[in-house]
Amino acid sequence: MPRQSHALQGATPSRIAGTALSIIDEDGPSALSFRGVAERLGVSHATIFRRCSDLAGLLDLCADHLAAQLPDIAPDADWARATETRFGALYQLLTAHPGLATLRGTRPWLGRELLARLTEPQIAANIAAGMSPRDAVATYRRMYLLTLGSAGFVDHRHPGAATAATRTALAPLDPARFPVLTEHLDAVLAGMSDHEVYYGALRQLIRAAVPTSTVARDS
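Residues numbered from 1 in each chain as written. Predicted model: local features only at pLDDT ≥ 70, side-chain atom pairs only at ≥ 80, totals over all residues. Heavy atoms only, no water.

**Structural notes on the overall build of the protein**
Line of reasoning, step 1. Counting its secondary structure elements, the protein contains 14 helices and zero strands.
Line of reasoning, step 2. Each helix and strand of the protein, ordered N terminal to C terminal, gives the series α-α-α-α-α-α-α-α-α-α-α-α-α-α.
Line of reasoning, step 3. Based on the C-alpha atoms only, the size of the protein along its principal axes is roughly 65 × 55 × 20 Å.
Line of reasoning, step 4. Buried residues in the protein amount to 38% of all 219 residues.
Line of reasoning, step 5. Across the protein, the fraction of contacts at a sequence separation of at least 24, relative to all contacts at a separation of at least 6, is 69%.
Line of reasoning, step 6. With the model as given, the accessible surface of the protein reaches about 12300 Å², and the carbon-plus-sulfur share is 56%.
Line of reasoning, step 7. Here the protein carries 21 positive and 21 negative side-chain charges, and the mean point of each set is 7 Å from the other. (Helix = DSSP H or I, 4+ residues; strand = E, 2+ residues; numbered from the N terminus. Buried < 20%, exposed > 50% of the residue type's maximum accessible area, 1.4 Å probe, protein only. Contact = heavy atoms within 4.5 Å. Areas by Shrake-Rupley, 256 points an atom, 1.4 Å probe, with all protein chains shown as cover. Lys, Arg positive; Asp, Glu negative; His and termini not counted. Charge placed at Lys NZ, Arg CZ, Asp CG, Glu CD.)

**Considerations on helix 6 (residues 79-96)**
Line of reasoning, step 1. Compared with the 26 Å implied by 1.5 Å per residue over 18 residues, the 26 Å span of helix 6 between its first and last C-alpha is a close match.
Line of reasoning, step 2. Looking at helix 6, one finds that the buried residues are W79, A82, T83, R86, F87, G88, A89, L90, Y91, L93, L94 and T95.
Line of reasoning, step 3. Residues of helix 6 that are buried in the fold lie against helix 5 (55-67), helix 7 (98-104), helix 8 (112-128), helix 9 (133-152) and helix 13 (195-209).
Line of reasoning, step 4. The backbone nitrogen of A80 has a side-chain oxygen 3.4 Å away, supplied by the residue at the start of helix 6, namely D78. (Expected span 1.5 Å × (residues − 1). Polar contact = N/O pair within 3.5 Å; in protein donor to acceptor, adjacent residues only side chain to side chain.)

**Describing helix 2 (residues 13-27)**
Line of reasoning, step 1. Spanning 15 residues, helix 2 covers 21 Å between terminal C-alpha atoms, matching the ideal 21 Å at 1.5 Å per step.
Line of reasoning, step 2. I16, A17, T19, A20, L21, I23, I24 and D25 are the residues of helix 2 that are buried.
Line of reasoning, step 3. Elements that come into contact with the buried residues of helix 2 comprise helix 3 (34-41), helix 4 (45-52), helix 5, helix 6 and helix 7.
Line of reasoning, step 4. Immediately downstream of helix 2, the backbone of G28 shows phi near 100°, a positive value.

**Side note on the confidence of the model for the protein**
Line of reasoning, step 1. Mean pLDDT for the protein: 86, with 90% of residues reaching 70 or above.
Line of reasoning, step 2. Segment residues 215-219: pLDDT under 50, and one contact once partners within four positions in sequence are set aside and those in other chains are kept. (pLDDT = per-residue confidence, 0-100.)

**A short note on the packing of helix 8 against helix 9**
Line of reasoning, step 1. Orientation of helix 8 relative to helix 9, taken along the N-to-C sense of each, is 130°, at an axis distance of 9 Å. It follows from the interaxial angle that helix 8 and helix 9 lie oblique. Helix 8 and helix 9 meet at a crossing whose hand is right-handed. Residues L118, T119, Q122, I123, N126 and I127 of helix 8 form the contact with helix 9, whose participating residues are P133, A136, V137, T139, Y140 and Y144.
Line of reasoning, step 2. Residue composition of the contact of helix 8 with helix 9, grouped by class: eight nonpolar, four polar and no charged. (Axes fitted to C-alpha atoms, helices over the stretch in contact; angles between N-to-C directions. Parallel < 35°, antiparallel > 145°, perpendicular 65-115°, else oblique. Left-handed = near helix turned anticlockwise from the far one by under 90°. Nonpolar A, V, L, I, M, F, W, Y, C, P; charged D, E, K, R; others polar.)

**Topic: unusual backbone geometry**
Line of reasoning, step 1. In this structure, S53 is a non-glycine residue whose phi angle is positive, near 70°.
Line of reasoning, step 2. With respect to the element layout, S53 can be found in the loop between helix 4 and helix 5.
Line of reasoning, step 3. In this structure S53 comes out as partly exposed when scored by relative accessible area, which is 46%.

As structure tokens, this is what we get:
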């Protein structure tokens with residue numbers, strides 16, 4: 001029993017999540033396994049299983065571990081600036097760990113840290129800014145989906161490889177059938193790894209969502 005207790009102390013949720021993320025980042029999503037995490041932590045496979053139950057639980061642990069790094073923002077902060085800060089921080093975390101998004105697939109991101117640091121305060125801020133609850137949730141959802149999609153579309157940790165793969169795929173295209181893609185290939189490739197594409201789209205959503213009461217108050 002003391003040995004088991006010592007193992008559990010060494011395999012805290014934070015250490016398990018950090019180790020799992022290191023494996024994903026260094027060796028790719030397919031390398032993640034309970035056994036691999038256990039070996040790096042020097043504990044048994046069963047110890048990791050007690051903490052996570054299954055792979056989905058391990059991925060949830062990783063997601064919440066990252067979400068804990070999202071910034072705390074004062075409730076009275078400027079709505080537009082706070083909104084861009086929250087979603088921009090999520091985007092930075094996701095692009096730094098693209099393998100996690102790949103593994104999670106369509107699983108919802110509903111960990112307590114994400115709910116506490118992003119979902120709850122952002123929807124509350126939307127309502128405080130003058131939106132109805134329905135509009136507040138819809139606005140949050142649009143920005144959330146933009147962020148997930150923009151982060152997961154390409155591996156921003158290796159933009160050179162992503163660009164090269166796209167160039168290889170588009171190079172054989174027939175200019176007669178694909179005149180725009182072939183003539184403007186360099187512009188297409190540059191846009192793939194340009195973070196400003198995301199931030200520009202986020203700011204457009206923010207400007208479009210600014211409640212009328214906020215505009216009137218600030219004018």
